[in-house]
Amino acid sequence: MSPVAQRVADAVYQNPSRVLCFACLAAREGLAEHDVRAAALVLVARAGFRLLQRVCYACRRTDEMLVSEKAA
């Protein structure tokens, strides 16, 4: 797993009840949104994550969010 994917996975695991949209997750981790989205594709395909419609904890926008299958 790439370092960016690992950072994204760790961020999602650390706060399962505070789901963030890609833009807010990228801002929180100091990454480009494109890189977070690319990492999410890897995590969905290989590491037990899913994309689900949720409300972002930070900006309150409804969109697809990356969540751990354990938290879903």
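Calculation criteria
Residue positions are given per chain, counted from 1 along the sequence in the order it is written. Where local features are concerned, this predicted model is filtered to residues with pLDDT of at least 70; where side-chain atom pairs are given and counted, the filter is 80 or more; whole-chain, interface and lining totals use all residues. The side-chain quantities take in all heavy atoms of the structure and omit both hydrogens and water. Pairing between two strands requires that DSSP report at least two bridges joining them. Helix and strand assignments come from DSSP, with helices taken as H or I runs of at least 4 residues and strands as E runs of at least 2, each series counted from the N terminus. Only protein atoms enter the 1 Å grid used here. Points where a 1.4 Å probe fits but cannot escape make up a cavity, open sets with protein on both sides within 12 Å along at least five of seven lines make up a pocket, and a residue lines them when an atom lies within 4 Å of a point. Grid points are joined across faces, edges and corners, and a volume is the space filled by probe spheres set on the points. Any residue that is not Ala, Val, Leu, Ile, Met, Phe, Trp, Tyr, Cys, Pro, Asp, Glu, Lys or Arg is counted as polar, Gly included; the first ten are nonpolar and the last four charged.

Asks: In this structure, what is going on with the pairing of strand 2 (residues 62-68)? I would like to understand it.
Replies: The two faces of the sheet receive side chains in turn, since in a regular strand these alternate between them. Both strand 1 (residues 49-55) and strand 2 contribute to a ladder of 7 bridges, which runs antiparallel. Counterpart to Gln 53 in the pairing with strand 2 is Glu 64. Taking the residues between adjacent antiparallel strands as the criterion, strand 1 and strand 2 are bridged by 6 residues, where Arg 60 takes a positive phi near 70 degrees.

Asks: Help me understand unusual backbone geometry in this model?
Replies: Apart from glycine, the bulk of residues carry a negative phi angle, and the bulk of peptide bonds sit in the trans form. Phi angles above zero are rare outside glycine, and Arg 60 is one such case at about 70 degrees. Tracing the backbone through its elements, the reader meets Arg 60 in the loop between strand 1 and strand 2.

Asks: Help me understand the layout of surface pockets in this model?
Replies: One way to see where empty space is left: roll a probe the size of a water molecule over the atoms. Counted as a void, the largest pocket has a volume near 180 Å³. Lining the largest pocket we find 14 residues, and of these Asn 15, Arg 18, Val 19, Leu 20 and Arg 28 sit closest to its centre. Looking at the lining of the largest pocket, the elements that each hand over two or more residues are helix 1 (3-14), helix 2 (22-29) and strand 2. Looking at the lining of the largest pocket residue by residue, the class counts come to 10 nonpolar, 2 polar and 2 charged.

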